[in-house]
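Okay, here's what each chain looks like letter by letter:
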Amino acid sequence: MSVNQQAHTGPPYGQPQPGYQGYQQPAYRGQPLPGVPQSQYGAYNGPMPGYQQPAPPQGYFPSLGFPSKGSPVSLNSDTSSLPPNSIGSLRPPPASGAPPPASGASVPSGHVAYSQLGHGDVQNGIPTSTAPVQRPPASQPFLPGSAHTPVSQTSTFQQYGPPPASVQQLINHVAGMTVGSTTVSAPPPAGLGYGPPTSVPPVSGSFSATGSGLYTPYTASQGPPPSSVSEGLPLAQPPFPGQLISTQRLPTQVPGFAPPPSTGIGPSYPPTAGAPRPPTMTGPPLPGQTLAGPPTSQPNHVSSPPPPPSTMSGPHHGPPISGLHGPPPPTHPPQPGYQMQQNGSFGQVRGPQPNYGGAYPGVPNYGSQPGPPPPPKRLDPDSIPSPIQVIEDDRSNRGSEPFVTGVRGQVPPLVTTNFLVKDQGNASPRYIRCTSYNIPCTSDMAKQSQVPLAAVIKPLATLPPEENLPYLVDHGESGPVRCNRCKAYMCPFMQFIEGGRRFQCCFCSCVTEVPPHYFQHLDHTGKRVDFYDRPELSLGSYEFLATVDYCKNNKFPSPPAFIFMIDVSYNAVKSGLVRLICEELKSLLDYLPREGNMEESAIRVGFVTYNKVLHFYNVKSSLAQPQMMVVSDVADMFVPLLDGFLVNVNESRTVIASLLDQIPEMFADTRETETVFAPVIQAGLEALKAAECAGKLFIFHTSLPIAEAPGKLKNRDDRKLINTDKEKTLFQPQTSFYNNLAKDCVAQGCCVDLFLFPNQYLDVATLGVVTYQTGGSIYKYAYFQLETDQDRFLNDLRRDVQKEVGFDAVMRVRTSTGIRATDFFGAFYMSNTTDVEMAGLDCDKTITVEFKHDDKLSEDSGALLQCALLYTSCAGQRRLRIHNLSLNCCTQLADLYRNCETDTLINYLAKYAYRGVLSSPVKAVRDALISQCAQILACYRKNCASPSSAGQLILPECMKLLPVYLNCVLKSDVLQPGPDVTTDDRAYIRQLVTSMDVAETNVFFYPRLLPLTKADVDSDSLPAAIRNSEERLSKGDIYLLENGLNIFVWVGVNVQQGLLQNLFGVSSFGHISNTLSTLPVLENPFSKKVRSIVDMLQMQRSRYMKLIIVKQEDKLEMLFRHFLVEDKSLSGGASYVDFLCHMHKEIRQLLS
Ligand SMILES: [Zn+2]
């Protein structure tokens, strides 16, 4: 975070660095990847031929990834032997099944083609303002503290302090600063900012347990529970975990390699398919028994007919099982606790649980079940897959060894595991994570599985200090060596031939001459003898210095500029915000990003203030006092001064300081409440254009821009649209004006960061368009109050200003023949189908890329990705950052399912769904998500798991958390808002999630819940997390919950007085103030420990989280409960248990 931190200037890696002059190379935007016969791939030897791995990490083995050692069993032939209808029932008609494909039916129009926010722009309609804004056309000398009298005339600038030096340079449009007389609205009371409602009735339209009757949860206390549940949940009996079967079918694969070991139940179990299993999961109700309710409008929730007696009888799946509904007897007694799910299955029946019913007021609809009901039973939450357990297991299994990237197709440790990465030829998972590290060889397989093939790429990710930044390679004038045809950059997978004189491209197979300066001999293995001296031959990630050919207009870029643009309307001034910003900037400007060892930042700065007019400031170093110039003609924005607007901080230090001192005073008495917005961005854009540089605008804005100006907005918030077909309009910009502006900004490399301080609706969906499409960041502080919010805002601002960012960036993802990047998610702009353009790309932003087959892949060759990011560094250096990743390819679906990463899958699915709401009804988006995941799991069940009772839910080991995480996405505020979630909150969250990396989406959707009272005050470690359910909370304990945006500290009513004294400094529960925004600093071990935990969590996140104290049974607790995501939510979201039952039903329907 510190600007002093090294940036890309690593050692030359054994290569002399000739210096940065003169270049000639093909332009960056190479031609699109042509189709190339894949037959030439035969020579590919894998990522690191002959590479000697000093100490292979435990637990995985290079040999596994290579299917040539695979089993003789062919899945394809097996599949073909299935009854025709068994496949047919597995998925819908080909075109409609997959949400991602353009023809997908579930999200009808969302994915027809890539487009950014462009759908259905709503026209602005008639301006609401009735009278033209009075615009005093003149200027007058500005004196601090003087009345701001509107003066008529144009053509001069105002000045405060000494008289203007050169009045003439001003142009017509410059006019006097005006102070409006509009009525001043009193700031509303402080609120919570972003957060869910405090009291929310269930919302229908989802498979709510109470309302719809579609999907009725069972309640232990309410009469006879559905026998289907108990019968369908032979939980104590051993189902047939599919993983064992699939493992056997690939006998040569080394067990234990696949990170989430599907063989995790260990060798103690008989390896024979169909053999008795340990007690494990089974599923929810049997088909036909659960849903006695009327058919519903949700196609996915229609009750299923009883399953055919035997649907999964393929002999290839192992010995046929007789009596499908009577699983073999358990080999172990039922064991409560986690062990149950070690093999990916789950389920155990517990006795009646009186408390359980409380959350499910709805009456179960199970009346159709004939016969005497069995004793009430329920799915034991301890026996269903636990995120906490999966996270803990991964930490203990994989946290101790470094992750060495030399092997193709390795699944990395989870994002929640701390591990070090050693780059040995593939990009670190900090840069790229994939939904699967084993890609189906054919498009048919991919469609059958419905597993999206996607990579989440964070090109400028921050690395821990123990890891090396990408080395900077400088090839001098000739620039990087690239494939002649597809323009892929030199990388470890290129194959040198003919004694080293040529190389064959690993992406397109084209053979290219090695440039003379790059020639090197090969050793006896065919490897260049300088292999280890060149990052681009031996590492997965590195940088090239770009030549002038990679620069706009064939001209090396100037260093970027930062422009600070401060709203000085009434609310901003009165809240103390303007003063706060100015005070902070005085010191923050000394911490602008700088290149590695440079003494000072090359970034220039400029300042603008605005309400419904704009004020530019001349802060040229030669001035004694800053000068203000007012532009009141906002209809045609221009920059009234060039010289002196963008300056070096050190040179203009005193003038800048003076300006920042004076701004709060100048506007202290303002009564202007109206603001403009688009002209502010235009002004910044014009300034960067005039200075011929890229840069970033930091805009601090408070209100809906209703002043007469381009981009003027109206209040169109309408919560009545929720759950209607028009709900999507809430997420769409209300005018296309900002899309066009964004396009101009991207062309100039003008990135817009937006800090919003709304006291009411300000239309984030529209204001955020430019930020979103330029790669910028949005921060939102609703009902900003100095006392409680300034820490959070200042921390965000400091980090935002200081963080590493690349400007004028273009990213291209190349792939080896057979797959190609087809869709992109994130904050960027695309003018064609391949280049992701970002005016700015910072270290926190990710781009999620989806791949589709366009040909067959081969197990021998695998699949390769190369992400190339061209950008301008903060010192103005043009660079290319390259990340390479090699993946395995499989002909058996089991391999796909064993090498998936659910966290990444969820990242993709959430972004996909969050884009879908722009064009489709939210309910359709939710249904599509459920449908796709059901198909993913059904395909596994059908093709990879052993035949067993339909009453058993069998999940792939790597995906056993898919249901719980998916449910969290479905319940999120974007897809299922409670009544108090504002339209702006939803738009804001939608944009945030779109740029999140995998770790961020993981904790955002499934927050981390820590029992603080269990913390060891003598150790640095965190207390073990617990599951997000109210039943896990004890009245005698204190808990911390964080999701990347908020931190809650929940205090039970029975917490010992001593603990309260230590943490809050109060003598009783009743004295705890829930308005605290920080924990009191008290000198005792518990207080120190808790504060250190909070600090540690704050450090881990890209945004400073808002701290909220929640007392049990206090009204704020409703807010907190929203984040207990395993429970039924107040907005109608299902509990984990209920959702799992629902998913099981969906899967059974697909299988029947
Ligand atoms: Zn090529």
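Scroll up for the structure.
Rules of the game
- Residues numbered from 1 in each chain as written.
- Predicted model: local features only at pLDDT ≥ 70, side-chain atom pairs only at ≥ 80, totals over all residues.
- Heavy atoms only, no water.
- Donors = N, O, S within 2.8 Å, 3.2 Å for Na, K, Ca; no water.
- Tetrahedral: all angles 85-135°; square planar, octahedral: opposite > 155°, others 65-115°.
- Helix = DSSP H or I, 4+ residues; strand = E, 2+ residues; numbered from the N terminus.
- Buried < 20%, exposed > 50% of the residue type's maximum accessible area, 1.4 Å probe, protein only.
- Pairing = 2+ DSSP bridges.
- Axes fitted to C-alpha atoms, helices over the stretch in contact; angles between N-to-C directions.
- Expected span 1.5 Å × (residues − 1).
- Salt bridge = Lys/Arg side-chain N within 4 Å of Asp/Glu carboxyl O.
- Parallel < 35°, antiparallel > 145°, perpendicular 65-115°, else oblique.
- Left-handed = near helix turned anticlockwise from the far one by under 90°.
- Contact = heavy atoms within 4.5 Å.
- Nonpolar A, V, L, I, M, F, W, Y, C, P; charged D, E, K, R; others polar.
- Polar contact = N/O pair within 3.5 Å; in protein donor to acceptor, adjacent residues only side chain to side chain.
- Right-handed = clockwise from strand over helix to strand, strands pointing away.

Trainee: Is there a simple way to explain the coordination of the zinc ion in this structure?
Mentor: Put simply, a metal with four donors set out as a tetrahedron has ideal angles of 109.5 degrees, and one with six donors set out as an octahedron has ideal angles of 90 or 180 degrees. Around the zinc ion, the donor atoms from the protein are Cys483 (SG), Cys486 (SG), Cys505 (SG) and Cys508 (SG), and they sit 2.2 to 2.3 Å away. Here the zinc ion is ringed by four donor atoms whose angles at the metal span 98 to 116°, and the overall shape comes out tetrahedral. Here the donor residues for the zinc ion map to a single chain with the spacing C-x2-C-x18-C-x2-C. Taken together, the residues Cys486 in the loop between β8 (472–473) and β9 (495–497) and Cys508 in the loop between β10 (502–504) and β11 (511–513) connect sequence positions 22 residues apart. Relative accessible area serves as the criterion here: at 1%, Cys486 is assigned to the buried category. Judged by its relative accessible area of 0%, Cys508 is buried.

Trainee: Explain the sheet that holds strand β14 (residues 604–610) to me, please; I cannot follow it from the model alone.
Mentor: Hydrogen bonds between backbone atoms are what pair the strands of a sheet, whose relative direction is either parallel or antiparallel. One open sheet holds the seven strands; their spatial order is β16-β15-β14-β13-β17-β18-β19, and the pairing between them is mixed. Since the sheet does not close on itself, it has two edges, and those belong to β16 (627–631) and β19 (778–780), each with one partner. Recorded for the sheet is a direction-independent mean angle of 20° between the axes of neighbouring strands. With seven bridges joining them, strand β13 (residues 561–567) and β14 adopt parallel strand pairing. In the sheet register, Phe562 faces β14, and the bridge partner there is Val605.

Trainee: Explain the pairing of strand β15 (residues 614–618) here, please?
Mentor: For a regular strand, the rule is simple: side chains alternate between the two faces of the sheet. Counting buried residues along β15, five of its five residues qualify, which places the element largely inside the surrounding structure. Side-chain alternation along β15 places Leu614, Phe616 and Asn618 on one buried face and His615 and Tyr617 on a second face that is also buried. Pairing of β14 with β15 involves three bridges; the strand directions are antiparallel. Across the sheet, residue Val608 finds its bridge partner in β15, namely Phe616. If you look at the hairpin formed by β14 and β15, you'll find three residues sitting between the two strands. Across five bridges, the pairing between β15 and β16 is antiparallel. Residue pairing in the sheet places Tyr617 in a bridge with Met628 of β16.

Trainee: In this structure, what is going on with helix α25 (residues 1136–1151)? I would like to understand it.
Mentor: Counting along an α-helix, one turn takes 3.6 residues, and residues three or four places apart therefore face a common direction. Relative to the 22 Å expected for 16 residues at 1.5 Å per residue, α25 spans 22 Å between its end C-alpha atoms, a close match to the ideal helical length. Burial within α25 is extensive, with 16 of its 16 residues counted as buried.

Trainee: Would you explain the pattern of salt bridges in this entry?
Mentor: A side chain with one charge may pair with a side chain of the opposite charge, provided their charged atoms come close. Tallied over the entire structure, the rule returns 50 salt bridges. Salt-bridge contacts for Arg653 lead to Asp590; the nearest nitrogen and oxygen are separated by 2.7 Å. Here the residue Arg653 occupies a position in helix α11 (residues 653–666), and Asp590 occupies one in the loop between α10 (577–588) and β14, the gap between them amounting to 63 residues. Assessed through its relative accessible area of 34%, Arg653 is described here as partly exposed. Look at Asp590 and you get partly exposed, because its relative accessible area is 36%.

Trainee: What should I look at first to understand the packing of helix α17 (residues 902–916) against helix α19 (residues 962–971) in this one?
Mentor: Axes are the key here: two packed helices are described by the angle between their axes and the distance separating the axes. For the pair α17 and α19, interaxial distance at closest approach is 10 Å and the crossing angle is 25°. Between α17 and α19, the angle falls in the class roughly parallel. For α17 against α19, the interelement crossing comes out right-handed. Contact residues: α17 offers Thr902, Asp903, Leu905, Ile906, Leu909 and Ala910, while α19 offers Leu962, Tyr965, Leu966 and Val969. Residue composition of the contact of α17 with α19, grouped by class: eight nonpolar, one polar and one charged.

Trainee: Which parts of the structure should I look at to understand the side chain of Arg528?
Mentor: Within the element layout of this structure, Arg528 appears in the loop between β11 and α8 (535–538). Under the relative-accessibility criterion, Arg528 is labelled buried at 2%. Within the local environment of Arg528, its side chain forms a polar contact with the side chain of Asp530, the two groups lying 2.8 Å apart. Once residues lying within four places of it in the same chain are set aside, the contact partners of Arg528 are Phe496, Val514, Tyr518, Phe519, Gln520, His521, Leu522, Arg534 and Leu537.

Trainee: When you look at the pairing of strand β18 (residues 750–756) in this model, what are you seeing that I'm missing?
Mentor: The element β18 is extensively covered by neighbouring structure, given that seven of its seven residues are classed as buried. Of the two faces of β18, the one carrying Cys750, Val752, Leu754 and Leu756 and the one carrying Cys751, Asp753 and Phe755 are both buried. Examined bridge by bridge, strand β17 (residues 695–701) and β18 share seven bridges and lie parallel to one another. Its bridge partner being in β18, Phe700 is matched across the sheet by Phe755. Crossover handedness for the path β17 to helix α13 (residues 737–748) to β18: right-handed. Once the chain exits β18 it traverses helix α14 (residues 764–773) before rejoining the sheet at β19, and the crossover so formed is right-handed.

Trainee: Could you clarify how one ought to interpret helix α20 (residues 983–994) in this entry?
Mentor: The first and last C-alpha atoms of α20 sit 17 Å apart over twelve residues, in line with the 16 Å expected at 1.5 Å per residue. For α20, the tally of buried residues reaches twelve of twelve residues, placing the bulk of the element in the interior. Taken together, the buried residues of α20 touch α14, β19, β21 (819–825), α17, α18 (922–943) and α21 (998–1005).

Trainee: Would you take a moment to explain the environment of Leu1151 for this structure?
Mentor: Residue placement: Leu1151 occurs in helix α25. Taking C-alpha positions, Leu1151 is 8.4 Å from Arg941, a pair spaced 210 residues apart along the chain.

Trainee: Could you clarify how one ought to interpret unusual backbone geometry in this entry?
Mentor: Outside of glycine, negative phi angles account for most residues, and trans bonds account for most peptide bonds. Backbone geometry places Asp763, a non-glycine residue, at a positive phi of 65°. Looking at where Asp763 falls in the secondary structure, it is placed in the loop between β18 and α14. Classification of Asp763 by relative accessible area gives buried; the value is 0%.

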